[in-house]
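Reading the structure
In case you want the letters, here they are:
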Amino acid sequence: MANFQPLNKNQHQALKIESDPSYAHSAQSHIIPVSVFELPQVQAEYPIAFIKDAETGRFHLVALLGLRPQENLFHKKGGWNSLFIPQYLLNFPFVLSPSADQPDNFVVGINLDSNLVSETKGEALFSNDGEQTPYLTKVTENLLRAHSQLDATQNFIQTMIDKSLLSSQSLTIKPKNNEEFNVTGLYTIDESLFNELNDSDHLEIKNKGFLTAIYSCLFSTQRIAKLVNLTNSK
Amino acid sequence: MNDGMINQVVIVGGGTAGWLTAAKLAKYLSSNKSESVQVTLVESPDIPTVGVGEGTWPTMRKTLADLDIAEHDFINYCNASFKQATKFVNWRTPAQNGQDSVYYHLFSSIVNADEFNLSPYWSLSDKQIDYANFASPQAVICEGGFAPKTIANRGYDGLLNYAYHLDAGKFADFLKKISCERFGVKHLAANVISTNLNASGEISSIETKELGRIEGDFFVDCTGTRCLLLGEALGIEFTPINDILFTDNAIAMQVPYQNEDDAISSSTISTAHAAGWTWDIGLSNRRGTGYVYCSDFVSHDQAEQTLRDYIGPQAEQLSARRIKIASGYRKKFWEKNCVAIGMSAAFVEPLEASAIFLIEASANMLCELFPRNKKQLGAVEKKFNDSFEYRWKRTIDFIKLHYFLSHRKEDFWLENKSASSVPDSLLEQLDNWKYRPVSRYDFQNTFEPFIQDSYQYVLHGMGYVQELGYNASTFNQHHTVESILKKNEKLKQHLQNNLPTNRELLTKVKAFGFQKI
């Protein structure tokens, strides 16, 4: 499934990467992580939620792609039911990971088992003389940008917890021609708690630059209806 | 002070009782504000705490949450682990052909007995499964070494009800730090020499070796069995109960885990022996074990050998510590402007971990009824004494129940069944329960220490024979029972598939902590 290897121009000089407008690698994912800086665009297309990692109990900031585990309502044959693609999807099949010998340095890794990777189709990573192609440079920039946003995202999550703004949500979804089901384990920003925030906490959040992100989260709950519609039209 | 206001509380003695009372009282009374009641705790720098009370009740979760303590901070500091039950081994009968007799007193039932009582349906069943497994999903969870929750549950929330095993010394330290840093408790290290009374016989001050006189308006005696204030200064006598509960000594040993990944038990394991019983409490870093026994029936050397045999070859390198115990309670717990909390108030053998629970309960009542004005003292004194005399007596009854129902034949156990040693209140209840199920109407006091569920786990676990067959038609809710039992079986599966082991969860708690939501 996933065989991530650090990119190496000697071993990987011939590799080419195909693009997949249906992001088929996420076909089984009902949530994907998003960065706090993406939220204004994410909220226009996807519900945003905070969910707990089952292994650590810590919160992740995610966009919902489906309402049930393994259900992705955006992925479709040859395309995607939205104009905005979060960077997590765009960066596939690449990752940034700490280098084996120098953990403070990061290297670009690639999932060699992905069927987007071949020596025949798509964008080349290296030129014939072993130089990075502009495509790989762009990939590296995108990975670095995503990585640089992790701390800010974590800070946003922690601030929401510390100011007690999250509350657990459970939804009952009744698709048109199907049995109803419950969606649990989601946490969202509680609008009334946010409105009751005292002035000093409110100012602190404003100064941290999180107001746009908070409103994005609040507005994004409207997108649940879109997911229910997609469920109905399946 | 002159106008009858109580502004200065002096707690004498640290330990679990002193520091838990200090933390609760100072938090409740806002002692970090100068206009509020000030709380001072005077602790002897020389007298070590007893520190073997290592089991709590589920009430401890509320106690800690109310003190604004993050659950993982407490767990990590105090090497605490999750406790879901007491597992009673060989209490009903001694092991036969190497086969232990085992039953569980659990903290969770599939349905609370005061809502719907499964007990008569079990009594009338073929008893293919034991009562604990019939009435709760928790016995299989304990037996499998599982935790009561996952790392994704928030602090103090559980999928099953739970309490803690903890290092009592560390716990007192932890509460000391929090009391002084957050709640404004003043900590003084000094040895008490004597106590001064005023004209109306109230305590006015204590004299200390290091700091001279320390005055106060109200005193809490947490001096342990010495009972310096309530007993020595105010002359309140001790009522021994060694005619009911015979154990008079304990020998304790701390046992390290042999491997880093050894299982940590989710139950306190209480194993009966010839002249008493051993406790076995798994903390995150070691086990605490001990043998509580009656020296009329076994020598101290034999008792130590029993404990060493129980622990096994590992005990060879370990040293043991003997503690003399005296079960009983003070004729009054509150006298004038002094209340005793902890071992100064009463002591019963730690079979059902009631010690820390009754400290919590005493401190709660003191907080809520705190007499800010001396005029209130008399009324609170009476209420407190009535309440705790009741609670201690019920606790004694409940402990005695375990001995009384045993089928063991050693002298110590036979003596425990002698009619003269059993309180009438207990005999009366048992008479009732012979012909009808235990009922919520048997537990009418709001502050009943042991609830209906607890009694039923012990009665059925010990094999108490109830004759309900003559009245079987009364127990006609078969559909309800069937659906509860189905739910119970489903939950057993679900929990076994989803819960981590006690050790796995404790490792995660160290690494990640619990979220507060």
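Please read these numbers as outputs of a predicted model, since none were measured by experiment.

Let's shift gears to the overall build of chain B. Along the backbone of chain B there are 16 helices and 21 strands. In terms of C-alpha radius of gyration, chain B reaches 23 Å, essentially the compact-globule figure of 24 Å for 517 residues. Projecting the C-alpha coordinates of chain B onto the three principal axes gives extents of approximately 70 × 55 × 50 Å. Across the 517 residues that make up chain B, the buried fraction comes to 58%.

Residues and elements named next belong to chain B. With 21 residues, helix 15 (residues 478-498) should reach 30 Å at 1.5 Å per residue; the first-to-last C-alpha distance of 30 Å fits that figure. Of all the positions in helix 15, only Val 481, Ile 484, Asn 488, Lys 492 and Leu 495 are classed as buried. All buried residues of helix 15 fall inside an arc of 85° around its axis, so they share one side. Facing away from the buried side of helix 15 by over 90 degrees, the exposed positions are His 479, Lys 486, Lys 487, Lys 490 and Asn 497. On the buried face of helix 15, the contacting elements are helix 4 (119-123), helix 5 (131-135) and helix 6 (138-143).

A few words on the packing of helix 11 (residues 377-404) of chain B against helix 13 (residues 424-435) of chain B. Residues and elements named next belong to chain B. As a packed pair, helix 11 and helix 13 sit with axes 9 Å apart at the nearest point and diverge in direction by 60°. Considering only the axes of helix 11 and helix 13, their crossing is right-handed. Packed against helix 11, whose contacting residues are Arg 394, Asp 397, Lys 400, Leu 401 and Phe 404, the element helix 13 presents Ser 425, Leu 426, Leu 427, Gln 429 and Leu 430 at the interface. For the contact of helix 11 with helix 13, the class distribution of residues is five nonpolar, two polar and three charged.

Residues and elements named next belong to chain B. Along the chain, Tyr 104 turns up in strand 5 (residues 102-106). Put simply, Tyr 104 and Asp 130 are 26 residues apart on the chain and 9.4 Å apart in space, counted from C-alpha to C-alpha. If sequence neighbours within four positions are ignored, Tyr 104 has contacts with Ala 85, Thr 86, Lys 87, Ala 132, Ala 139, Cys 142, Glu 143, Ser 267 and Tyr 457. A distance of 2.4 Å separates polar atoms of two side chains, one belonging to Tyr 104 and the other to Glu 143.

All right, on to the packing of aromatic side chains then. Considering all chains together, one arrives at 41 aromatic pairs over all chains under this definition. Three or more aromatic residues link up through ring pairs in this structure, and these residues are B:Phe88, B:Trp91, B:Tyr103, B:Phe246, B:Phe297, B:Tyr403, B:Phe412 and B:Trp413. The ring of A:Phe181 is capped by A:Arg68, whose NZ or CZ atom sits 3.9 Å from the centre of that ring. Lying over the aromatic face of B:Tyr257, B:Arg503 brings its terminal NZ or CZ to 5.0 Å of the ring centre.

This paragraph deals with the interface of chain A and chain B. With 13 residues of chain A at the interface, the matching set in chain B holds eleven residues. For the pair chain A and chain B, the summed buried surface comes to about 1000 Å²; carbon and sulfur atoms form 53% of the total. Area buried by chain A at its contact with chain B is led by A:Lys52, A:Thr56 and A:Arg58, which between them contribute 42% of it. The tally of links between chain A and chain B comes to one salt bridge. Here B:Lys508 makes a salt bridge to A:Glu55, at a shortest N to O gap of 2.9 Å. One can count five residue pairs in polar contact (both at pLDDT 80 or more) joining chain A with chain B. Taken together, the residues of the side of chain A that touches chain B break down into five nonpolar, three polar and five charged.

Quick look at the nonpolar core now. Membership of the largest hydrophobic core comes to 139 residues, with the highest contact counts inside it found for B:Phe74, B:Trp91 and B:Phe218. Per element, the largest residue contribution to this core is eleven residues, and it comes from helix 11 of chain B. Beyond its immediate stretch of four places on either side in the chain, B:Phe74 contacts B:Leu64, B:Ile69, B:Ala80, B:Tyr164, B:Leu166, B:Phe171 and B:Phe174. Among the nonpolar cores identified, the runner-up in size contains 49 residues, and A:Val42, A:Leu61, A:Phe210 and A:Ala213 belong to it.

Next up on the list: helix 7 (residues 199-207) of chain A. Here helix 7 of chain A starts with a cap whose side-chain oxygen sits 3.2 Å from the backbone nitrogen of A:Ser200, and that cap is A:Asn198. The positive-phi residue at the C-terminal boundary of helix 7 of chain A is A:Gly209, with phi of around 80°.

This brings us to the sheet that holds strand 9 (residues 106-111) of chain A. All names here are of chain A. Across the sheet, which stays open at both edges, the three strands sit in the order 1-9-8 with antiparallel pairing between neighbours. Edge positions in the sheet fall to strand 1 (4-6) and strand 8 (94-98), since each of these pairs with one other strand and no more. In this sheet, adjacent strand axes meet at a mean angle of 40° when their direction is disregarded. Judged from the five bridges that link them, strand 8 and strand 9 form a sheet pairing that is antiparallel. Opposite Pro 98, over in strand 9, you have Phe 106 as the bridge partner. Across the sheet, helix 4 (residues 134-148) touches strand 8 and strand 9, and the angle it forms with strand 8 is around 60°.

Across residues other than glycine, the phi torsion is negative in most instances, and most of the peptide bonds are trans. Here the residue pair A:Phe92 and A:Pro93 is connected by a cis peptide bond, since its omega of 0° sits within 30 degrees of zero. Relative to the helices and strands, A:Pro93 resides in the loop between helix 3 (87-90) and strand 8. One non-glycine residue, B:Asp68, adopts positive backbone phi at about 60°. Relative to the elements of secondary structure, B:Asp68 occurs in the loop between helix 2 (59-66) and helix 3 (71-77). The residue B:Cys227 is not glycine, and still its phi comes out positive at about 45°. Mapping B:Cys227 onto the fold places it in the loop between strand 11 (218-221) and helix 8 (228-233). Assessed through its relative accessible area of 0%, B:Cys227 is described here as buried.

By definition, the strands of a sheet pair up through backbone hydrogen bonds, in either a parallel or an antiparallel sense. Residues and elements named next belong to chain B. One open sheet holds the six strands; their spatial order is 7-2-1-11-20-19, and the pairing between them is mixed. Bordering the open sheet on either side are strand 7 (186-189) and strand 19 (334-335), each of which pairs with just one other strand. Two strands pair when backbone bridges link them, and strand 19 and strand 20 (residues 338-340) are joined in this way by two bridges, in the antiparallel orientation. Among the inter-strand pairings, Glu 335 is bridged to a residue of strand 20, identified as Cys 338.

A few words now on the environment of B:Thr223. Residue and element names in this part refer to chain B. Tracing the sequence through the fold places Thr 223 in the loop between strand 11 and helix 8. When the C-alpha positions of Thr 223 and Ala 340 are compared, they lie 8.4 Å apart, and in sequence the two are 117 residues distant. Not counting chain neighbours up to four residues away, the residues in contact with Thr 223 comprise Val 12, Leu 228 and Ser 344.

Residue and element names in this part refer to chain B. Applying the stated criterion across every chain yields a total of 28 salt bridges over all chains. Between Lys 176 and Glu 43 there is a salt bridge, with its nearest N and O atoms 3.4 Å apart. Taken together, the positions of Lys 176 in helix 7 (residues 168-182) and Glu 43 in strand 2 (residues 38-43) put the pair 133 residues apart, joining distant regions of the chain. Residue class for Glu 43 comes out buried when judged on its relative accessible area of 14%. Where Arg 154 meets Asp 157, a salt bridge forms, and the shortest distance between an N and an O atom there is 2.7 Å. For Arg 154, a relative accessible area of 38% puts it in the partly exposed group.

Quick look at the pairing of strand 9 (residues 203-208) of chain B now. Residues and elements named next belong to chain B. Within strand 9, five of the six residues are buried, leaving the element largely enclosed by the surrounding structure. As paired strands, strand 8 (residues 192-197) and strand 9 are joined by five bridges and run antiparallel to one another. Residue Ser 194 lies in a different strand from strand 9, and its bridge partner there is Glu 207. In this structure, strand 9 lies alongside strand 10 (residues 212-215), joined through four bridges in antiparallel fashion. Counted as the bridge partner of Thr 208 is Gly 212 from strand 10. The loop that links strand 9 with its antiparallel partner strand 10 comprises three residues.

Conventions we followed
- Residues numbered from 1 in each chain as written.
- Chains lettered and ligands numbered in written order.
- Predicted model: local features only at pLDDT ≥ 70, side-chain atom pairs only at ≥ 80, totals over all residues.
- Heavy atoms only, no water.
- Helix = DSSP H or I, 4+ residues; strand = E, 2+ residues; numbered from the N terminus.
- Rg over C-alpha atoms; globule rule 2.2 N^0.38 Å.
- Buried < 20%, exposed > 50% of the residue type's maximum accessible area, 1.4 Å probe, protein only.
- Expected span 1.5 Å × (residues − 1).
- Arc of directions from axis to C-beta.
- Contact = heavy atoms within 4.5 Å.
- Axes fitted to C-alpha atoms, helices over the stretch in contact; angles between N-to-C directions.
- Left-handed = near helix turned anticlockwise from the far one by under 90°.
- Nonpolar A, V, L, I, M, F, W, Y, C, P; charged D, E, K, R; others polar.
- Polar contact = N/O pair within 3.5 Å; in protein donor to acceptor, adjacent residues only side chain to side chain.
- Phe/Tyr/Trp six-rings, centres within 6.5 Å; stacked < 30°, edge-to-face > 60°.
- Lys NZ or Arg CZ within 6 Å of the ring centre and 35° of its normal.
- Buried area = accessible area lost by both parts, 1.4 Å probe.
- Salt bridge = Lys/Arg side-chain N within 4 Å of Asp/Glu carboxyl O.
- Core = buried A, V, L, I, M, F, W, Y, C linked by side-chain atoms within 4.5 Å.
- Pairing = 2+ DSSP bridges.

Don't take any of this as a statement about function, it's just geometry.
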